Amino acid sequence: ERKELKILDEGKSLEILRKTVCRYNSWYVVHDDSPNSVCAMETRIKYSEGCYHTLPYLHLDQVLKNRVLGSLITFMTNAGLGEIESRLLEILGRNNAVILIGHFGRVPERLRPFVEKGQLSLVATPPSEANFSFIPAILAGQLLSYYAAIVLDERKQHFAHMMTAVRESNGIEAAWRRLAV
């Protein structure tokens, strides 16, 4: 049977990230006490390298204690959704978007509305032995950072259109040059 990183195909990933990375100025990479917390640090590094975006690396308890608001949170865990449901609800209730990476079963009823409206994105990694669960988690983080970089790079089209509009406007370039003198 073929196991794969669910949701991490190019089309779905780009769609998820288009809704989040350009909408939030504050990004966080979050970990808990699970063995995969080291993967969160690797993902933080990849986001920094690919997206030129510096991200804090915080424990889940710090995010809750500091009442993080209106941010994009990438959270890596080995915990089941039932174990972290109440904490996720608190974070989501503060207008945060969460990309959750881990091995998950059924989505609890109270989290489904957040999944449906795109505020909570689940990147389900395939089951693996406990000692090797970091491998799919790191791959998921690397792919997410790659797709985030692609989405951020698409922003250059907005600037290209603005420059075209400026060049096509009557006299704007000449007036701009006169100001530089």
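Note that the coordinates shown come from a computational prediction; the quantities given were computed from them, not determined experimentally. Here the residue numbering is sequential within each chain, running from 1 through the sequence in written order. Side-chain atom pairs in this predicted model are given and counted only at pLDDT of 80 or more, local residue features only at pLDDT of at least 70, and totals for whole chains, interfaces and linings cover all residues. Only hydrogens and water are set aside; all other atoms, that is, all heavy atoms of the structure, feed into the side-chain values.

Peer 1: For this particular structure, what's the right way to read the overall build of the protein?
Peer 2: A count of helices and strands for the protein gives 8 helices and 5 strands. Counting from the amino terminus, helix and strand elements in the protein follow one another as α-β-α-β-α-β-α-β-α-β-α-α-α. Partly exposed describes any residue whose relative accessible area lies between the buried limit of under 20% and the exposed limit of over 50%, with all areas from a 1.4 Å probe on protein chains only and scaled to the type maximum. Out of the 181 residues in the protein, the part that is buried amounts to 43%. A total of about 10,600 Å² of accessible surface is found on the protein, and carbon and sulfur atoms cover 54% of it. Only DSSP runs of H or I reaching four residues or more are called helices, and only runs of E reaching two or more are called strands; each is numbered from the N terminus. Accessible surface area values rest on a Shrake-Rupley calculation with a 1.4 Å probe, where residue burial reflects the displayed protein chains alone.

Peer 1: Looking at this structure, how should I read the pattern of salt bridges?
Peer 2: Close approach of charged atoms allows side chains of opposite charge to pair. Throughout this description, the term salt bridge denotes a Lys or Arg side-chain nitrogen within 4 Å of a carboxyl oxygen of Asp or Glu. On inspection of all chains with the given rule, the structure shows 4 salt bridges. Linking R110 and E85 is a salt bridge whose minimum nitrogen-to-oxygen distance equals 2.9 Å. Of the two residues, R110 is situated in the loop between β4 (97-102) and α5 (112-116) and E85 in helix α4 (residues 81-92); the sequence distance between them amounts to 25 residues. Given the relative accessible area of 13%, E85 is considered buried. The salt bridge partner of R112 is E109, with a shortest N-O separation of 2.9 Å. On the basis of relative accessibility, which here comes to 29%, the residue R112 falls in the partly exposed class. Taking the relative accessible area as the measure of exposure, E109 reaches 53% and is therefore exposed.

Peer 1: Honestly, α4 in this entry has me stumped. Any pointers?
Peer 2: Residue pairs spaced three or four apart in an α-helix point in one direction, given the helix's 3.6 residues per turn. How far a helix is expected to stretch is found by multiplying one less than its residue total by 1.5 Å. Across its 12 residues, α4 extends only 14 Å between first and last C-alpha, which sits more than 12% below the 16 Å expected from 1.5 Å per residue. Those residues of α4 that fall on the buried side of the exposure criterion are L81, I84, E85, L88, L89, I91 and L92. Along the axis of α4, the buried residues cluster in a sector spanning 160°; they form a single face. Packing partners of the buried residues in α4 comprise α3 (60-65), β3 (72-76), β4, α5 and β5 (120-124). This arc is taken over the directions from the axis of the helix to the C-beta atoms. Contacts between residues were defined by any pair of non-hydrogen atoms, one from each residue, lying within 4.5 Å.

Peer 1: What's the story with the side chain of Q119 in this structure? I'm lost.
Peer 2: Inspection of the secondary structure puts Q119 in the loop between α5 and β5. Judged by its relative accessible area of 11%, Q119 is buried. N or O atoms within 3.5 Å of each other form a polar contact, as long as, within protein, one can give a hydrogen and the other can take it, and as long as residues adjacent in sequence are counted only when both atoms are side-chain atoms. Here K117 takes part through its side chain, which lies 3.4 Å from a polar atom of the side chain of Q119. Look past the residues within four positions of Q119 in its chain and what remains in contact with it is L92, N95, N96, A97, V98 and F114.

Peer 1: I'm lost on the sheet that holds β5 in this one. Help?
Peer 2: Strand pairing in a sheet takes place through backbone hydrogen bonds and is either antiparallel or parallel in direction. We call two strands paired when DSSP finds no fewer than two bridges between them. The strand order β2-β1-β3-β4-β5 describes an open sheet built from 5 strands, whose pairing is parallel. Edge positions in the sheet fall to β2 (57-59) and β5, since each has one partner strand and no second. Across the sheet, the mean angle separating the axes of adjacent strands is 25° when strand polarity is ignored. With 3 bridges connecting them, strand β1 (residues 27-31) and β2 associate as parallel partners. Looking at the pairing, H31 lines up with H59 of β2. Along the sheet, α4 contacts β3, β4 and β5; its crossing angle with β4, the most-contacted strand, is approximately 160°. Only the stretch in contact is used when a helix axis is fitted, and all axes are lines through C-alpha atoms; the angle between N-to-C directions ranges over 0 to 180 degrees.

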